[in-house]
Amino acid sequence: MNQVYITVRSLKTSTKSSGWVHKWSRFKRWQEMQAAHVENVQEKQRNQNFIKLPTGLYITPERPDDLTPKKAPADMTRKDTGQLPMELLTWHTQMRYVDHSIDNIKRYRRYKNFQHMQYDQRVIPERLLFLGPDLSAAHFLVHRGAAVKFVGDDNWYKKDKWNRYSLPGRKVDNLFIEAIDASGTQIMFEGLENLENLQHLRLLRLANCEFIDDWSIGRIGGILPNLEMLDLSGCHRISSKGLMGLKNSKKLKFLRLEGLSDIKNIGKSALILEDLLPNLQVLGMDYELAFKKIEAENRLLEQERVVLDGKGNAFMEDDNSRLFMVMSNSEDEKAVTDDNDNPIMTSTVRREIPKMSDAEFEEINALSGGKLRHLLVGSPSGYEWNETTEKILEHEASLNLKDGVITDPKMLPRGKRPEFELPEHRSKLEAAKVQFLKEFGDFENEEDKKDPEKMLKSH
């Protein structure tokens with residue numbers, strides 16, 4: 001049987017010589033293109049029949065719009081009347097109130113790209129009708145950088161170095177997808193709907209896919225009942241609750257979760273899945289690290305200074321009864337957002353130093369995984385903690401030290417402040433504390449007032 005193959009070539013390679021790349025403003029279905037073609041043919045016939053000469057030549061009207069069928073004024077659109085589109089007027093009005101900073105422009109472009117990917121990965125009924133579920137899914141996946149393998153065929157079909165690939169262009173009987181490798185692609189929740197009705201799919205690799213989240217895991221567990229092997233390594237948007245969406249995959253045998261041990265309670269969810277699915281074996285999970293985190297949380301809650309609120313969030317109470325968050329009960333650990341993911345504070349940088357000993361501070365900070373110091377001197381966004389933040393804090397402390405201003409060690413990143421552990425810095429800090437006690441200290445007796453250093457050591 002002769003098969004028809006469609007060869008897809010990247011638009012960039014075919015336009016290198018001209019330097020011009022056409023970008024569709026929006027996707028058009030073939031029905032819309034057919035309707036536009038019919039309208040164009042009708043307009044051409046009207047122009048030819050406007051003034052026709054005996055020789056067969058014709059004169060086109062000065063204004064072709066005069067020949068189009070007239071609409072009632074109530075049915076005319078802004079385009080028919082020649083007015084500016086309402087979208088353009090709205091955009092022009094909103095531009096006066098938009099933040100035009102570089103960061104906001106990048107954020108806007110990322111959001112527009114995300115919206116485009118959501119629309120681009122939707123299910124196209126015509127493709128599903130003409131190709132069938134398996135071949136339609138193969139075209140969808142290979143076009144986006146994935147690789148597929150069919151039953152009875154040892155070859156993996158994917159793009160070559162020129163971004164070309166060959167797949168059948170029409171429905172082929174007994175052609176079923178057996179394995180999919182979509183590692184590192186931008187597959188998201190909307191795109192997983194294209195994998196529905198793949199009854200012979202046994203292997204699915206989604207390693208390092210940045211848009212795979214809890215909703216995606218729930219969809220995988222619902223539409224792929226015969227899945228046996230699943231790789232979710234590096235998908236950091238998955239939470240322990242979202243992983244439980246695989247509980248309906250009764251035939252799942254191997255689940256790879258490499259690089260996800262830092263997610264809260266992920267080890268506990270993996271153990272529960274292994275109990276629910278007798279044939280399941282979880283690979284790549286560092287259970288020792290997960291148990292160490294659970295042990296650290298228990299030791300943290302045993303501290304006398306740590307208290308819990310009604311939602312299960314843990315706070316450290318200093319000597320002045322001020323609370324500092326050290327553990328969040330939510331999965332995403334966003335301590336500065338409410339239930340609707342809205343910010344509850346404009347900045348997480350607190351210049352209030354907890355009144356407690358450095359040893360107690362370092363112990364509680366270590367048990368909390370660094371969250372106490374993070375929220376105390378972290379980035380203003382509350383979402384990011386990187387080397388740049390630590391360099392800024394160290395540089396600020398260096399400038400203050402040159403000006404004779406002492407920075408408390410609690411306000412510096414731990415492990416990256418060797419120059420601030422020098423004896424002269426410690427002596428300056430102790431001298432500043434002694435001077436403060438002399439001026440503002442509350443002395444119980446005359447001996448403490450004469451010897452503030454002794455009182456400082458006792459505290």
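Each chain carries its own residue numbering, running from 1 in the written order of its sequence. Note on the predicted model: pLDDT of at least 70 is required for a residue's local features to be given, and 80 or more for side-chain atom pairs to be given and counted; whole-chain, interface and lining totals, by contrast, use all residues. As a rule here, side-chain values cover all heavy atoms of the structure and leave hydrogens and water aside.

Taking an unreviewed UniProt entry as the reference, the protein is identified by name as ATP synthase subunit s-like protein belonging to Caenorhabditis brenneri. You can read under Sequence similarities (unreviewed entry) in the UniProt record for the protein the words "Belongs to the ATP synthase subunit s family." UniProt positions are given in the numbering used here, feature names are shortened, and annotations may be inferred rather than shown by experiment.

Caption draft 1: Broad picture of a negative patch on the surface. Only residues whose relative accessible area exceeds 30% and that form no salt bridge enter a patch; like-charged residues are grouped when within 9 Å of one another, and nonpolar side chains (Val, Leu, Ile, Met, Phe, Trp, Tyr) when within 5 Å. Accessibility throughout is a Shrake-Rupley quantity obtained with a 1.4 Å probe, and a residue counts as covered only by protein chains that appear here. Salt bridges are counted wherever a side-chain nitrogen of Lys or Arg sits within 4 Å of a carboxyl oxygen of Asp or Glu. When charges are tallied, Lys and Arg are placed among the positive residues and Asp and Glu among the negative ones, while His and the ends of the chain are skipped. In plain terms, the charge of a residue is placed at NZ if it is Lys, CZ if Arg, CG if Asp and CD if Glu. A cluster of acidic side chains, namely Glu 39, Glu 43, Glu 62, Asp 65 and Asp 66, defines a negative patch on the protein surface. What counts as a helix is a DSSP run of H or I of at least four residues, what counts as a strand is a run of E of at least two, and both are numbered from the N terminus. Of note, Asp 65 is situated in the loop between strand 3 (58-59) and helix 3 (78-81).

Caption draft 2: The sheet that holds strand 13 (residues 314-317), seen in detail. In this analysis, strands are considered paired if DSSP registers two or more bridges between them. A sheet is described by the order of its strands in space; here three strands give the open sequence 12-13-14, paired in antiparallel fashion. Unpaired on one side and paired on the other, strand 12 (306-308) and strand 14 (323-327) mark the two borders of the sheet. Pairwise comparison of adjacent strand axes, ignoring direction, gives a mean angle of 40° for this sheet. Relative to strand 13, strand 12 runs antiparallel, the two being bridged by three bridges. Bridge pairing in strand 13 places Val 306 opposite Met 316. Any two residues having at least one pair of non-hydrogen atoms within 4.5 Å are treated as being in contact. With axes taken as lines fitted to C-alpha atoms, and helix axes fitted only over the stretch in contact, angles between N-to-C directions fall between 0 and 180 degrees. Here helix 10 (residues 287-301) sits on the sheet and contacts strand 12, strand 13 and strand 14; the angle it forms with strand 14, its principal contact strand, is near 155°.

Caption draft 3: Structural detail: the pairing of strand 4 (residues 147-150). Exposure classes here rest on a 1.4 Å probe applied to the protein chains alone. A residue is buried below 20% of its type maximum, exposed above 50%, and partly exposed in between. Here strand 4 shows no split at all, with Ala 147 and Lys 149 on one side and Val 148 and Phe 150 on the other all buried. Alignment of strand 4 against strand 7 (residues 177-181), held across four bridges, turns out to be antiparallel. Pairing of Lys 149 across the sheet is with Ala 179, part of strand 7. Bridge count between strand 4 and strand 5 (residues 156-157): two bridges; the pairing is antiparallel. Across the sheet, the residue bridging to Val 148 is Tyr 157, located in strand 5. Connecting strand 4 to the antiparallel partner strand 5 that follows it, the hairpin turn spans five residues, and Gly 152 within it adopts a positive phi of roughly 80°.

Caption draft 4: Highlighting the nonpolar core. Counting 48 residues, the largest nonpolar core has Ile 180, Ile 220, Leu 230, Leu 232, Leu 246, Leu 255 and Leu 257 as the members making the most contacts within it. Only helix 6 (125-143), strand 4, strand 6 (165-168), strand 7, helix 7 (214-223) and helix 9 (266-276) provide two or more residues apiece to this core. No other element matches helix 6, which puts seven residues into this core. Setting aside residues no more than four positions away along its own chain, Leu 255 makes contact with Leu 230, Leu 232, Leu 243, Leu 246, Leu 273, Leu 280, Gln 281, Val 282 and Leu 283. We call a set of buried Ala, Val, Leu, Ile, Met, Phe, Trp, Tyr and Cys residues a nonpolar core when their side-chain atoms join them within 4.5 Å. If you look at the next biggest cluster of nonpolar residues, it comprises 15 residues, including Met 316, Phe 361, Ile 364 and Leu 376.

Caption draft 5: Highlighting the pairing of strand 7. Taken across its five residues, strand 7 has four buried, putting it largely inside the fold. In this structure, strand 7 lies alongside strand 8 (residues 203-205), joined through three bridges in parallel fashion. Within strand 8, the residue paired with Asp 181 across the bridge is Arg 205.

Caption draft 6: Inspection of the packing of helix 9 against helix 10 at higher detail. Contact geometry for helix 9 and helix 10: axes closest at 9 Å, N-to-C directions at 120°. The orientation of helix 9 relative to helix 10 falls into the category oblique. Every residue of helix 10 that contacts helix 9 at Gly 267, Ala 270, Leu 271 and Glu 274 is listed here: Tyr 287, Ala 290 and Phe 291. Side-chain classes follow a simple rule in which Ala, Val, Leu, Ile, Met, Phe, Trp, Tyr, Cys and Pro form the nonpolar group, Asp, Glu, Lys and Arg form the charged group, and the remainder, Gly included, forms the polar group. Taken together, the residues of the contact of helix 9 with helix 10 sort by class into five nonpolar, one polar and one charged. Convention used here: angles under 35 degrees read as roughly parallel, angles over 145 as roughly antiparallel, angles from 65 to 115 as roughly perpendicular, and any remaining angle as oblique.

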